[in-house]
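Understanding the architecture of this molecule
Given next are the chains, with one letter for each unit.
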Amino acid sequence: MLRIPALDLPPLQGADGTVHLPGSKSISNRVLLLAGLAAGETVVHGLLDSDDTQVMLAALAALGCGVRRVEQAGRETLTHITGLGGRLRVSQASLFLGNAGTAMRPLAATLAVLASTQGGRFELSGVPRMHERPIGDLVDALRPLGCQIEELGTPGYPPLRLTGRPGGQLNTGEPIRVRGDVSSQFLTALLLALPLATGERDIVIEVQGELISKPYIEITLNLLARFGIEVRREGWQRFTLPCSHGASPYRSPGRVDVEGDASSASYFVALGAIAAHGGAPVRIEGVGLDSIQGDIRFVDAAKAMGAQVRSGPNWLEVRRGRWPLAGITLDCNHIPDAAMTLAVMALYADSPTRLTGIASWRVKETDRIAAMAAELQKLGAHVEAGDDFIEVSPPTTWRTAALHTYDDHRMAMCLSLAAFNPLVATAAPPSLPIRILDPQCVAKTFPDYFESLLDLAQARPEDVPVITIDGPTASGKGTLAAEVAAALGWHLLDSGALYRAAGLAAVADGVLPDDEGGVAAIAQTLDLRFGQGLEAGRTWLRGREITHDLRQESTGLLASRVSALPAVRAALRGLQQAFRRAPGLVADGRDMGTALFPQAALKVFLTASAAERAERRHKQLISKGIAANIDSLRADLEARDARDKGRSASPLRPAEDALLLDNSHLSIEASVQQVLGWWQQRSPFALATAGDK
Ligand code: DC
């Protein structure tokens with residue numbers, strides 16, 4: 001997951017391959033609450049692991065539910081919830097719910113009902129934006145029942161305090177009225193919470209005004225049914241919760257499987273429609289057309305714009321059909337979240353796209369109508385927007401832009417699709433990089449979104465920026481390169497590791513380190529794997545872990561010998577250049593700037609005195625429990641420098657256009673800042689961000 005202030009996407013040319021969707025947010029948080037209210041244990045498979053589910057899990061734990069995450073080696077993590085059986089275990093709690101509407105609304109209703117009947121005092125708060133998202137209609141629906149609810153800030157908005165005394169009665173004889181035309185989450189909250197109050201009589205909920213986002217209510221009803229509660233529905237106006245005769249009405253099904261998130265699928269459906277033009281489709285695993293999530297209907301809209309879609313159980317395959325895409329006019333009331341993706345697909349259409357019925361966009365994570373209009377205009381689109389519609393005409397001239405994401409995951413995911421601008425079929429195709437500001441806001445629902453997107457996307461190597469960091473052994477290149485890569489969200493090539501691994505493979509095969517042809521043949525087919533994600537920092541050779549062996553001094557000496565052989569260097573060229581993948585590459589070694597990436601956008605040559613380097617290497621080895629002598633280390637370093645500099649194949653020397661950085665007296669942090677500062681001056685967004693601040 002990225003933790004960086006900005007992610008620059010190079011111009012992208014196409015896409016294919018498979019994405020595994022994270023679990024649905026809407027299903028995940030409803031299932032967690034239902035499991036938390038039911039008696040006994042529910043095991044949840046495929047739960048979304050994101051900011052919004054984290055706050056729900058933390059809230060359930062604070063309320064006394066059992067919450068256990070069980071990691072299974074090599075397979076998905078399971079979530080075990082032991083519920084309250086409808087009985088409060090704590091009488092007070094302050095719950096922080098971030099910006100998760102799917103936690104705030106249902107927990108407010110649930111705790112209001114529980115506190116009113118069993119006694120208690122609960123406070124619910126969130127981030128500042130959460131305190132601007134309305135909840136007054138839910139409060140107005142709950143107060144006539146007898147719930148005591150205080151609005152601690154602005155009336156009609158969180159934070160809220162919910163209180164009551166043990167033995168309190170709820171007035172459930174009258175139908176409960178709730179507005180349905182601002183957010184369907186108010187009705188969902190009542191449907192999830194009121195079974196707690198059914199007792200000896202049915203409870204009726206009446207919706208005032210036209211209910212929006214009906215498919216989300218269908219998800220709620222479907223999941224209530226899985227927990228034993230069959231709601232009777234008359235149209236979309238009247239819902240009856242059956243009496244439970246005093247028993248706790250929620251019955252755990254034992255196991256629940258969470259579908260992939262259909263709203264998250266929309267970005268990959270759009271990706272296929274825009275960029276899967278080379279033959280292979282974009283395959284999406286986790287939802288199929290039979291999904292219970294309303295946003296799956298986004299597929300119909302995408303087809304109307306030109307997507308070709310196939311589907312099977314739990315999968316979709318999408319490729320480009322019509323191109324350019326066709327502009328459409330659509331009432332999006334049934335797909336409020338996924339509809340945002342249509343606004344970005346509109347950039348690739350040959351006529352305007354008008355989306356109506358989207359008033360709810362204004363009360364989501366941000367005012368999405370205003371946000372979308374502002375950012376699409378920066379790219380050159382002509383946008384008209386009103387209270388409940390947006391109309392996007394594709395750019396006649398594309399412009400590069402640093403795009404704001406408004407702490408809104410969907411803005412970030414949508415806007416990333418603008419990086420496919422080279423595919424626009426105009427006489428002079430644009431080829432513009434795009435900057436996504438605050439990209440980590442995707443953690444709300446899809447923490448690995450950018451990694452997943454870029455796994456499928458293709459860029460021309462020359463469009464992918466490279467920073468090279470060359471220098472002598474123990475100069476701190478590895479640490480510097482890793483930190484610069486992390487700060488930019490880029491890939492990392494530790495080229496020394498390839499020579500080290502080639503040396504180890506040669507020894508394992510009984511090939512002598514100076515047998516040029518023998519070692520080169522081994523290097524040519526090196527079966528090497530670098531760990532990603534949780535396995536980052538670990539390395540496997542031919543399926544065997546070599547993380548420890550790779551860093552031994554003896555392996556460094558072996559690498560220094562095999563790397564002097566021209567045929568070995570040639571054999572490892574392709575493997576090294578394959579690391580140049582979007583969004584960018586930081587490559588460290590000896591000849592990254594001179595031989596491997598001579599066109600690199602920034603070349604750094606790192607040096608430090610031999611004495612300083614010997615001392616650092618000494619500290620490093622001692623900290624790993626490896627015995628070492630500082631004088632012999634220094635002698636080894638100097639010998640290795642001499643060999644690396646003196647060899648005829650790619651001798652160690654700075655590239656002519658390299659910037660020299662002597663870090664003998666610099667901290668790692670200061671060196672990283674220096675390199676990032678140099679990069680910032682060369683980045684295509686240097687001016688854009690300066691102007692944005
Ligand atoms: O950076 P390192 O200590 O892991 O490198 C091990 C050896 O590999 C070093 O002695 C020089 C050689 N090497 C090279 O010749 N070219 C590179 N790009 C990287 C390393």
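As the structure is a prediction and not an experimental result, all values here were calculated from the model.

1. Focus on the sheet that holds strand E12 (residues 203–208)
The strand order across the open sheet formed by four strands is E11-E12-E14-E13, and the pairing between neighbours is mixed. The strands lining the two open edges of the sheet, one partner per strand, are strand E11 (176–179) and strand E13 (232–234). Direction aside, the axes of adjacent strands within the sheet are offset by 20° on average. Pairing analysis gives three bridges linking E13 to strand E14 (residues 238–241), with the strands arranged antiparallel. Counterpart to Glu 234 in the pairing with E14 is Arg 238. Against the sheet, helix H5 (residues 185–193) engages E11, E12 and E14, with an angle of about 150° to E11.

2. Here we look at the sheet that holds strand E21 (residues 382–385)
Taking strand neighbours across the sheet as the criterion, the four strands line up as E19-E20-E22-E21 in an open arrangement whose pairing is mixed. The two strands at the open ends of the sheet, each matched to only one other strand, are strand E19 (329–331) and E21. Neighbour-to-neighbour, the strand axes of the sheet open up by a mean angle of 10°, direction not taken into account. Relative to strand E20 (residues 353–356), E19 is paired through three bridges, and the arrangement is parallel. In the sheet register, Thr 329 faces E20, and the bridge partner there is Arg 354.

3. Side note on the confidence of the model for the protein
Confidence along the protein averages 93 in pLDDT terms, with 98% of residues attaining 70 or more. Across residues 688–693, where pLDDT falls below 50, the model places seven contacts with residues more than four positions away in sequence or in other chains.

4. Points about the pairing of strand E6 (residues 78–82)
The element E6 is largely enclosed, with a buried count of four among its five residues. Here strand E4 (residues 41–45) runs beside E6; their pairing, made up of four bridges, is antiparallel. If you follow Thr 42 over to E6, its bridge partner there is Ile 81.

5. A few points about the site of the ligand
As a matter of local geometry, the ligand sits amid 18 residues, with Ser 495, Arg 500, Arg 569, Arg 590 and Arg 647 nearest to it. At 2.6 Å, a side-chain N or O of Arg 500 approaches an oxygen atom of the ligand. Notes on the ligand: free accessible area 450 Å², of which the protein chains cover 97%. Counting residues per element, the shell around the ligand draws most heavily on helix H14 (residues 495–508), which supplies four residues. By residue class, the composition of the shell around the ligand is three nonpolar, six polar and nine charged.

6. Let's talk about empty space enclosed by the protein
Inspection of every chain in the model, using the stated rule, returns four cavities of 30 Å³ or more. Approximately 330 Å³ is the volume attributed to the largest cavity. Considering the residues around the largest cavity, the lining is formed by 34 residues, among which Lys 25, Gln 185, Tyr 216, Asp 337 and Lys 364 are closest to the centre. For the lining of the largest cavity, the elements supplying multiple residues, two or more each, are helix H1 (25–37), helix H3 (101–118), H5 and helix H11 (409–416). Among the residues forming the lining of the largest cavity, the class breakdown is six nonpolar, 15 polar and 13 charged. Considering only enclosed or pocket space, the second largest cavity measures out at about 60 Å³ in volume. Residue assignment for the lining of the second largest cavity shows that the elements contributing at least two residues are H1, H3 and H5. The biggest single contributor to the lining of the second largest cavity is H1, with four residues. Residues of the lining of the second largest cavity, tallied by class, amount to four nonpolar, six polar and one charged.

7. Structural notes on H3
If you check H3, its first and last C-alpha atoms are 25 Å apart, about what 18 residues at 1.5 Å a residue would give, namely 26 Å. For H3, the tally of buried residues reaches 17 of 18 residues, placing the bulk of the element in the interior. Residue Gly 119 follows H3 closely and has a positive phi angle near 85°.

8. As for the pairing of strand E32 (residues 602–607)
Burial within E32 is extensive, with five of its six residues counted as buried. Pairing of strand E26 (residues 466–470) with E32, which is carried by four bridges, proceeds in the parallel orientation. Bridging across to E32, Thr 468 finds its partner in Lys 603. Judged from the four bridges that link them, E32 and strand E33 (residues 659–662) form a sheet pairing that is parallel. By the bridge assignment for E33, Thr 607 is matched with Asp 662.

9. Remarks on the pattern of salt bridges
Scanning the model with the defined rule gives 48 salt bridges in all. Two residues, Arg 69 and Asp 49, come together in a salt bridge whose shortest N-O distance is 3.7 Å. In this pair, Arg 69 is assigned in strand E5 (residues 66–70) and Asp 49 in the loop between E4 and helix H2 (51–62), connecting sequence segments 20 residues apart. Its relative accessible area of 32% is what places Arg 69 among the partly exposed residues. Asp 350 is paired through a salt bridge with Arg 322; the nearest N and O atoms lie 3.3 Å apart. With Asp 350 in the loop between helix H9 (339–345) and E20 and Arg 322 in the loop between strand E18 (315–320) and E19, this pair connects stretches of sequence that are 28 residues apart. Classification of Asp 350 as partly exposed rests on a relative accessible area of 45%. Residue classification places Arg 322 among the partly exposed residues on the basis of a relative accessible area of 39%.

Analysis parameters
- Residues numbered from 1 in each chain as written.
- Predicted model: local features only at pLDDT ≥ 70, side-chain atom pairs only at ≥ 80, totals over all residues.
- Heavy atoms only, no water.
- Pairing = 2+ DSSP bridges.
- Helix = DSSP H or I, 4+ residues; strand = E, 2+ residues; numbered from the N terminus.
- Axes fitted to C-alpha atoms, helices over the stretch in contact; angles between N-to-C directions.
- Contact = heavy atoms within 4.5 Å.
- pLDDT = per-residue confidence, 0-100.
- Buried < 20%, exposed > 50% of the residue type's maximum accessible area, 1.4 Å probe, protein only.
- Near = heavy atom within 4 Å.
- Polar contact = N/O pair within 3.5 Å; in protein donor to acceptor, adjacent residues only side chain to side chain.
- Areas by Shrake-Rupley, 256 points an atom, 1.4 Å probe, with all protein chains shown as cover.
- Nonpolar A, V, L, I, M, F, W, Y, C, P; charged D, E, K, R; others polar.
- 1 Å grid on protein atoms, 1.4 Å probe; cavity = no way out; pocket = protein on both sides within 12 Å on 5 of 7 lines; lining within 4 Å.
- Points joined across faces, edges and corners; volume = space filled by probe spheres on them.
- Expected span 1.5 Å × (residues − 1).
- Salt bridge = Lys/Arg side-chain N within 4 Å of Asp/Glu carboxyl O.

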